[in-house]
Amino acid sequence: MSTKEIIDFRKQVVEEVLELYPEKAKKNRRQHITIKENNECASCAVKSNSKTVPGLMTARGCAYAGAKGVVWGPVRDCTHISHGPVGCGYYSWANRRNLAEGEIGVDNFVPFLFTSDFQESDIIYGGDKKLEKIIHEIVGLFPNTKGVSILSECPVGLIGDDIESVSRRMAEEIKLPVIPVRCEGFRGISQSLGHHIANDAIRDHLIGKGPGREVGPYDVGIIGDYNIGGDAWASKKILEEIGLNVVNIWTGDSTIEMLQNGHLVKLNLIHCYRSMNYMARHMEETYGTPWLEFNFFGPTKIRESILKIAAMFDDSIMEKAKTVIEKYDAEMQKVIDIYRPRLEGKKVMLYVGGLRPRHVVGAYEDLGMEVIGTGYEFAHGEDYDKSMANLKDGTLIYDDVTAIEIEEFVSKLKPDLVGSGIKEKYVFEKMGLPFRQMHSWDYSGPYHGYQGFPIFARDMDMAVNSPTWKAVKAPWTK
Ligand code: SF4
């Protein structure tokens, strides 16, 4: 099919799927779906960051998920209280794979769930007293905690509790930062506002308030890498090999001190723009700390990123950067030689959160695969604009896609691989389609950096070329 025929066919698919809706829902959803067609401005074509239509089975989460699950939860030497009833903390307990070093329960509290476990009496009389008691218990039981964060769940904001004043009092008493985070799930329309609220809490309670330190000429911070399956460690390795000194990571395997000293670097390198651009901008405006976006998925993007980063420093760094690229290009070529012939020409459809729907495209292309559809749960207009350059004409783009839409799009476009989340995985596998989880890396990873690409390639091959797919249909039905 020519590009024009592909575009026409996909437009027709979109219209057919929209026909499933009542008039009002159809009108709303049409604005969130587009096909890339010689347009550079996606934000004009795709409406984003707006309320979900009720009852259409969105894959979105809430502000608490964005603040606790994503930004705060990975900070390893801080205890994070899920403040409210037990559900939100329980369901978000240890299921995001943000790895951290340290001894569990001693100076690493990431795998724990701390909850105030609201009962009816806490709703009626308020939970502030209980919160104070819990903070006392925490510092008694976990004396190495370097701070306490309070992640509000829905009821906290509705019953009028004053967690800010509890935090102020308790911070003085225990002589540690106590950080109130107003991330109740009813705020905003997705995880995205939770990121912003969580960033603002770092701004208001931590940044610039730490022990401080001298800034070395090659000190950098990685911002917005949550170390899923060891991603941030793989990225750190490259940066150190080119001569830079990674002193902070936000927030995968992070510490309270790293958040306090985030501005004390020569350059902040931002991987997840969506979740942490707020703090990167704040550090630049308030402390003059520059920042740069980069992409460590797949050798092509890694090469481009290394050169862009090295250009911010002196010749010695550039020299090392070129040596590192040369060394690893040869290694990555070996990976490509093995997997590209097995994956060449395979089509992929993606649906992830706020960064990966555009960031992983290059890694697929390094393996000869083509992304024919992609979309975000909670991106904003600028994310769609940033995506455009990475996508081919004819790519189907969907924002806050609903369960029925993604199912229909996949059955009609027939990709060879779907990359999305746990809620989607088994639907597509039952349809007989290879699937890889692109949030949890399907318990594999890392996928970032030179360490990650061979694992990424192996995993995609394992899914696409698994013999299982030949056994989906019973022989007597073939
Ligand atoms: S919407 Fe409210 S109740 Fe649901 S997970 Fe988020 S904070 Fe918890």
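Residues numbered from 1 in each chain as written. Predicted model: local features only at pLDDT ≥ 70, side-chain atom pairs only at ≥ 80, totals over all residues. Heavy atoms only, no water.

**Comments concerning the environment of methionine 318**
So the rule is basically this: Put simply, DSSP H or I for four residues or longer makes a helix, DSSP E for two residues or longer makes a strand, and each gets a number counted from the N terminus. Whether two residues touch is decided by their heavy atoms; if any such pair falls within 4.5 Å, the residues are in contact.
Within the secondary structure, methionine 318 is located in helix H15 (residues 315–343). Methionine 318 sits 76 residues away from isoleucine 242 along the chain, and the two C-alpha atoms are 7.8 Å apart. Contacts of methionine 318, omitting those with residues within four sequence positions, involve Leu307, Ala310 and Ala311.

**Overview of empty space enclosed by the protein**
We apply this condition: Points on a 1 Å grid over protein atoms alone make up a cavity when a 1.4 Å probe fits among them but cannot get out, and a pocket when they form an open set with protein on both sides within 12 Å along at least five of seven lines; lining residues each have an atom within 4 Å of a point. Grid points are joined across faces, edges and corners, and a volume is the space filled by probe spheres set on the points. Polar here means any residue outside two lists: the nonpolar Ala, Val, Leu, Ile, Met, Phe, Trp, Tyr, Cys and Pro, and the charged Asp, Glu, Lys and Arg; Gly therefore counts as polar.
Applying the stated rule across the entire model yields 2 cavities of 30 Å³ or more. There is about 50 Å³ of room inside the largest cavity. In this structure, the largest cavity is lined by Asn28, Arg29, His32, Lys51, Thr52, Val53, Leu56, Asp400 and Thr402. When the residues that make up the lining of the largest cavity are grouped by side-chain class, the tally is 2 nonpolar, 4 polar and 3 charged. Val361, Glu365, Glu370, Val371, Asn390, Leu391, Lys392 and Thr395 together form the lining of the second largest cavity. Elements with a contribution of two residues or more to the lining of the second largest cavity: helix H17 (361–366) and strand E11 (370–376). Taken together, the residues of the lining of the second largest cavity sort by class into 3 nonpolar, 2 polar and 3 charged.

**Quick look at the sheet that holds strand E5 (residues 178–181)**
We apply this condition: Strands were regarded as paired on the criterion that DSSP finds at least two bridges between them. A fitted line through C-alpha atoms represents every axis, and for helices the fit uses only the stretch in contact; the resulting angles, taken between N-to-C directions, go from 0 to 180 degrees.
Strand order across the open sheet formed by 4 strands is E3-E2-E4-E5, with parallel pairing between neighbours. Here the strands that pair on one side only, and so sit at the sheet edges, are strand E3 (114–115) and E5. In terms of strand pairing, strand E4 (residues 148–152) meets E5 through 4 bridges, oriented parallel. Bridge pairing in E5 places serine 149 opposite isoleucine 179. Of the strands in this sheet, strand E2 (79–83), E4 and E5 touch helix H4 (residues 63–72), which is tilted by about 155° from E4.

**Looking at helix H7 (residues 128–141)**
We apply this condition: How far a helix is expected to stretch is found by multiplying one less than its residue total by 1.5 Å. Classification of residues uses two cut-offs on accessible area relative to the type maximum, computed with a 1.4 Å probe and protein chains only: under 20% is buried, over 50% is exposed, and between them is partly exposed. What the arc measures is the spread of directions leading from the helix axis to the C-beta atoms.
The end-to-end C-alpha separation of H7 is 20 Å, in line with the 20 Å expected for 14 residues at 1.5 Å each. Every buried residue belonging to H7 is among Asp128, Leu131, Ile134, Ile135 and Ile138, and all of these are buried. Along the long axis of H7, the arc covered by the buried residues comes to 110°, so they all point the same way. Every exposed residue of H7 that faces more than 90 degrees away from the buried side is listed here: Lys129, Lys133, Gly140 and Leu141. The elements touched by buried residues of H7 are E2, E3, E4, helix H9 (163–174) and E5.

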